Amino acid sequence: MINFHQLQYLKPEKIKQLQNKILRNFIKNQIPYSPFYHKLFKKNNIKFYNIKTTDDLKKLPFTTKADIAPTYKHKKRFLDFVLQPNKNLISKHAPIHKKIKYLLSEPHLYYEYKPIHPHFTTGRTANSVPILYTAFDLQRLEESGKRMMGIFDVSKDEVVINAFPYAPHLAFWQTYYAAKGANLLTLHTGGGRILGTEKITALIESMKATCLAGMPGYLYHLLRAAEEQKNNLSSLGLVVFGGERVPVELRGKIRQFLKPIGSKAPAVLSTYAFTEGKCAWAECYEESGYHIYPDFEFIEVVDKNGERVNEGEEGEIVYTSLDWRGSVFLRYKTGDITKGIYYGRCPNCKRTLPRIDSSIERSSEYKELKLTKIKGSLVNLNTFFSIMMSHKDIEEWQVEIKKRNNDPYEIDQLILYISPKKKANFEKLRNELRSRIIAETEITPEIVKLQLAELLEKLGMETELKEKRIVDSRKKV
Ligand SMILES: [Zn+2]
């Protein structure tokens with residue numbers, strides 16, 4: 001593996017050269033083992049040696065979620081993206097030193113290519129796709145985690161609490177491997193559903209944990225619970241979000257919680273990842289952008305027509321694996337929209353790793369709900385996140401879309417459940433929210449006040465893998 005300590009400060013043009021070299025070798029020596037891409041190259045009449053630089057990738061068509069998702073006829077399409085060398089392919093495509101190694105040593109081949117660890121993409125179970133890791137990949141997952149801890153500036157004496165829900169998902173396992181890679185004392189709690197929030201807050205206190213990682217909505221809930229129970233969490237210096245989009249306003253709310261419970265100048269940082277990308281990327285400072293690993297992936301940003309945009313211009317994030325095994329993707333369209341990618345030196349940490357702008361609109365979240373038809377008009381439900389998360393008088397909230405009287409032939413209703421802060425004036429809050437929601441969505445919501453405990457239960461804060469912020473209870477006719 002490349003020396004990351006040097007790589008992260010290399011001049012951008014050197015990084016580009018290095019990426020071209022890794023990409024060239026990866027396409028020539030590994031991509032022939034991918035049934036999907038082997039076929040795709042052939043169909044488009046592209047030779048493996050035709051891809052010499054990251055600019056040459058433009059010759060390849062994009063890979064989309066639809067290419068990977070199972071179909072009725074082909075339930076295991078995800079396997080077509082897994083590198084599967086055989087004797088024939090090895091003798092044809094492996095470089096000479098590897099050819100001997102592979103053909104003589106089966107354990108070596110197993111280490112590099114045998115899938116041993118899956119993560120599942122989130123989404124409705126039927127469409128959930130396994131992304132496979134080999135032992136070789138897990139070592140890279142550990143390395144990426146170690147790098148991430150470096151970018152967070154976590155020292156070897158820190159104590160980490162992993163509050164991501166225990167699941168075959170990247171967020172939990174990236175944290176596990178990051179802590180292992182950086183050699184940090186870490187408690188992997190499994191989140192509220194496994195260990196329970198009360199126990200987790202008590203353990204943060206007794207272990208004097210310095211770093212807390214988890215999903216944004218859950219961490220907010222956890223810190224509020226800590227405040228109520230009067231836990232002393234003054235040891236916490238870093239809160240790391242992952243797993244989903246972080247509304248900017250939530251960072252401020254989290255910091256407000258941390259200050260009174262004794263934490264001094266806590267950093268609230270975020271990570272970005274998608275399952276197909278196989279590892280997560282971190283900010284070094286709030287809103288600094290996500291620092292990616294140029295020897296592990298190539299990220300390009302494209303416009304609506306699929307044309308690559310310039311540095312700092314908005315577009316969709318497109319991902320290409322570099323030198324991974326197991327499941328690999330070339331020009332994978334994530335559906336996530338960023339404000340841009342930057343190649344210059346990071347003004348904060350001085351690293352020259354490419355950075356994806358921190359402002360990302362994620363497609364994976366509430367994809368089916370993002371633009372939802374309510375009363376016949378399309379409503380962007382992401383609007384609710386910024387309104388609700390930023391409001392100082394709102395403790396918790398949930399949006400439910402239902403049919404009046406639960407009658408499928410009736411009209412749609414949008415109900416907003418609110419648990420206001422103790423000192424808030426609910427009537428005033430209700431009027432303010434109603435006019436803001438009408439202005440932004442043209443829908444008149446019904447606003448219902450609930451006790452915090454009742455709303456937390458509705459959200460499934462202690463029982464669900466991820467809290468249910470937006471619920472569509474309309475029965476399909
Ligand atoms: Zn930085």
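Predicted model, so just to flag it, every value in this text is computed and none were measured.

What counts and what doesn't
Residues numbered from 1 in each chain as written. Predicted model: local features only at pLDDT ≥ 70, side-chain atom pairs only at ≥ 80, totals over all residues. Helix = DSSP H or I, 4+ residues; strand = E, 2+ residues; numbered from the N terminus. Rg over C-alpha atoms; globule rule 2.2 N^0.38 Å. Buried ≥ 20, exposed ≤ 12 C-beta atoms within 10 Å, placed from the backbone. Contact = placed C-beta atoms within 7 Å. Pairing = 2+ DSSP bridges. Axes fitted to C-alpha atoms, helices over the stretch in contact; angles between N-to-C directions. Parallel < 35°, antiparallel > 145°, perpendicular 65-115°, else oblique. Nonpolar A, V, L, I, M, F, W, Y, C, P; charged D, E, K, R; others polar. Core = buried A, V, L, I, M, F, W, Y, C linked by C-beta atoms within 7 Å. Expected span 1.5 Å × (residues − 1). Arc of directions from axis to C-beta. pLDDT = per-residue confidence, 0-100.

Caption draft 1: Representation of the overall build of the chain within the structure. Secondary structure assignment for the chain yields 16 helices and 21 strands. The globule rule puts the C-alpha radius of gyration for 477 residues at 23 Å, and the 24 Å found for the chain is close to it. Its C-alpha atoms give the chain principal-axis dimensions of about 75 × 55 × 40 Å. Here the chain, with 477 residues, has 40% of them falling under the buried criterion. Partitioning the contacts of the chain with sequence separation of at least 6, the portion at a separation of at least 24 is 69%.

Caption draft 2: Structural detail: the sheet that holds strand β21 (residues 470-472). The mixed open sheet is built from four strands, whose spatial order is β20-β19-β18-β21. Either end of the sheet is taken by a strand with one partner, and the two such strands are β20 (446-449) and β21. For this sheet the average axis-to-axis angle between neighbouring strands, irrespective of direction, equals 20 degrees. As paired strands, strand β18 (residues 394-403) and β21 are joined by three bridges and run parallel to one another. Paired with valine 399 across the strands is isoleucine 470, a residue of β21.

Caption draft 3: Quick peek at the packing of helix α8 (residues 135-151) against helix α9 (residues 170-181). Two numbers describe how α8 lies on α9: the axes approach to 7 Å, and their chain directions differ by 75 degrees. Relative to α9, the element α8 is oriented roughly perpendicular. Facing Leu138, Leu141, Glu142, Glu143, Gly145, Lys146, Met148 and Met149 of α8, the residues of α9 in contact are Gln174, Tyr177, Ala178, Lys180 and Gly181. Here the residues of the contact of α8 with α9 are counted per class, giving six nonpolar, three polar and four charged.

Caption draft 4: Molecular detail of the sheet that holds strand β15 (residues 360-361). Here four strands make up an open sheet; going across it, the order is β10-β11-β12-β15 and the pairing antiparallel. Of all strands in the sheet, those bounded by a partner on one side alone are β10 (297-302) and β15. When strand β11 (residues 315-321) meets strand β12 (residues 332-338), the two strands line up antiparallel, connected through four bridges. Within the sheet, the bridge partner assigned to valine 318 lies in β12 and is lysine 333.

Caption draft 5: Inspection of the nonpolar core at higher detail. Of all hydrophobic cores here, the largest spans 107 residues; its most connected members are Ala163, Leu212 and Leu219. Broken down by element, this core gets its largest block of residues, seven residues, from α9. Once residues lying within four places of it in the same chain are set aside, the contact partners of leucine 219 are Ala163, Leu212, Gly214, Val239, Phe241 and Ile254.

Caption draft 6: View of α9. Here α9 is 12 residues long and its end C-alpha atoms lie 15 Å apart, about the 16 Å a rise of 1.5 Å per residue gives. Of all the residues in α9, the buried ones are Leu170, Ala171, Phe172, Trp173, Gln174, Thr175, Tyr177, Ala178, Ala179 and Gly181. Of the surrounding elements, those touching the buried residues of α9 are β1 (115-120), α8, β3 (159-162), β4 (185-188) and β5 (211-214).

Caption draft 7: Spotlight on helix α2 (residues 12-29). Here α2 contains 18 residues, and its C-alpha end-to-end distance of 26 Å stays within 8% of the 26 Å for a straight helix at 1.5 Å per residue. Of the residues making up α2, those classed as buried are Leu23, Phe26 and Ile27. Buried residues in α2, looked at end-on, bunch into an arc of 90 degrees, giving them a common side. In the core, the buried residues of α2 are packed alongside β10.

Caption draft 8: Spatial organisation of the environment of threonine 134. In this fold, threonine 134 is placed in strand β2 (residues 130-134). The spacing of threonine 134 and proline 118 is 16 residues in sequence and 9.0 Å in space, taken between C-alpha atoms. If we skip the residues at most four places from it in the chain, threonine 134 touches Glu112, Tyr113, Lys114, Pro115, Ile116, Arg325 and Gly326.

Caption draft 9: Quick look at the confidence of the model for the chain. For the chain, the average pLDDT comes to 90, and 93% of its residues sit at 70 or higher. Note that pLDDT drops below 50 for residues 366-370; the model gives that stretch eight contacts with residues more than four away or on any other chain.

Caption draft 10: Local environment of the packing of helix α10 (residues 197-206) against helix α11 (residues 216-228). At a minimum axis distance of 10 Å, the contact between α10 and α11 shows a crossing angle of 70 degrees. Classified by the angle their axes make, α10 and α11 are roughly perpendicular. When α10 is examined against α11, the residues Thr197, Glu198, Ile200 and Thr201 are found in contact with a partner set consisting of His221, Leu222, Ala225 and Ala226. Considered class by class, the residues forming the contact of α10 with α11 number four nonpolar, three polar and one charged.

Caption draft 11: Molecular detail of the environment of glutamine 139. Note on placement: glutamine 139 falls in helix α8. Take glutamine 139: there are 15 C-beta atoms within 10 Å of it, and that puts it in the partly exposed class. Remark: the alpha-carbon pair of glutamine 139 and tyrosine 177, spanning 38 residues in sequence, is separated by 8.6 Å.

Caption draft 12: The environment of aspartate 407, seen in detail. Residue position: aspartate 407 is located in the loop between β18 and β19 (412-420). Along the sequence, aspartate 407 and valine 240 sit 167 residues apart, while their C-alpha atoms lie 43 Å from each other.

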